[in-house]
Amino acid sequence: MADAVREVSARGMSVVLVEQNLGLAFSVARDVAVMQKGRIVHEAPCAEFRSNPADRRRLLGVD
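Now for a quick tour of the structure. All values reported here derive from a predicted model rather than from experimental measurement.

### Quick word on a nonpolar patch on the surface
A contiguous nonpolar patch, built from Met1, Val15 and Leu17 and spanning about 260 Å² of accessible area, is present on the exposed surface. For Val15, the position within the fold is in the loop between helix 1 (2-10) and helix 2 (22-28). For Val15, a relative accessible area of 37% corresponds to the partly exposed category.

Written as structure tokens, this is what we have:
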């Protein structure tokens, strides 16, 4: 699936990926949006989100 997302993105199309596997999501994402109860509660570039363990822990409950 990651290859397909990368291919579509390389063609200039946006992709909305809803994924619980953070490794997969981080490997293909440029930006991250975290939703709670149907609302976006946090948005950041993927690299920024990956480098901020406090936000990951607070928003996702993972380190």
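### A few points about the nonpolar core
Counting 7 residues, the largest nonpolar core consists of Phe26, Val32, Val34, Ala44, Cys46, Phe49 and Leu59. The set of elements that each furnish at least two residues to this core consists of strand 1 (31-36) and helix 3 (46-50). In this structure Val32 touches Phe26, His42, Glu43, Ala44, Cys46 and Phe49, once residues within four positions along its chain are discounted.

Here is what the cut-offs are and how they apply
Along each chain, numbering runs from 1 in the same order as the chain's sequence is written. Predicted model: local features are reported for residues with pLDDT of at least 70 only, side-chain atom pairs are reported and counted for 80 or more only, and whole-chain, interface and lining totals are derived from all residues. Water and hydrogen atoms play no part in the side-chain values, which are based on all heavy atoms of the structure. A residue counts toward a patch only above 30% relative accessible area and without a salt bridge, and it is joined to like-charged neighbours within 9 Å or, for Val, Leu, Ile, Met, Phe, Trp and Tyr, to nonpolar neighbours within 5 Å. Accessibility throughout is a Shrake-Rupley quantity obtained with a 1.4 Å probe, and a residue counts as covered only by protein chains that appear here. A pair is scored as a salt bridge if a Lys or Arg side-chain nitrogen falls within 4 Å of a carboxyl oxygen belonging to Asp or Glu. By definition, any uninterrupted DSSP run of H or I lasting at least four residues is a helix, any uninterrupted run of E lasting at least two residues is a strand, and each is numbered from the N terminus. Here's how the labels work: a residue is buried when its accessible area is under 20% of the maximum for its type, exposed when over 50%, partly exposed in between, all with a 1.4 Å probe on protein chains only. What is meant by a nonpolar core is a set of buried Ala, Val, Leu, Ile, Met, Phe, Trp, Tyr and Cys residues, joined one to another through side-chain atoms within 4.5 Å. Should any heavy atoms of two residues lie within 4.5 Å, those residues are considered in contact.

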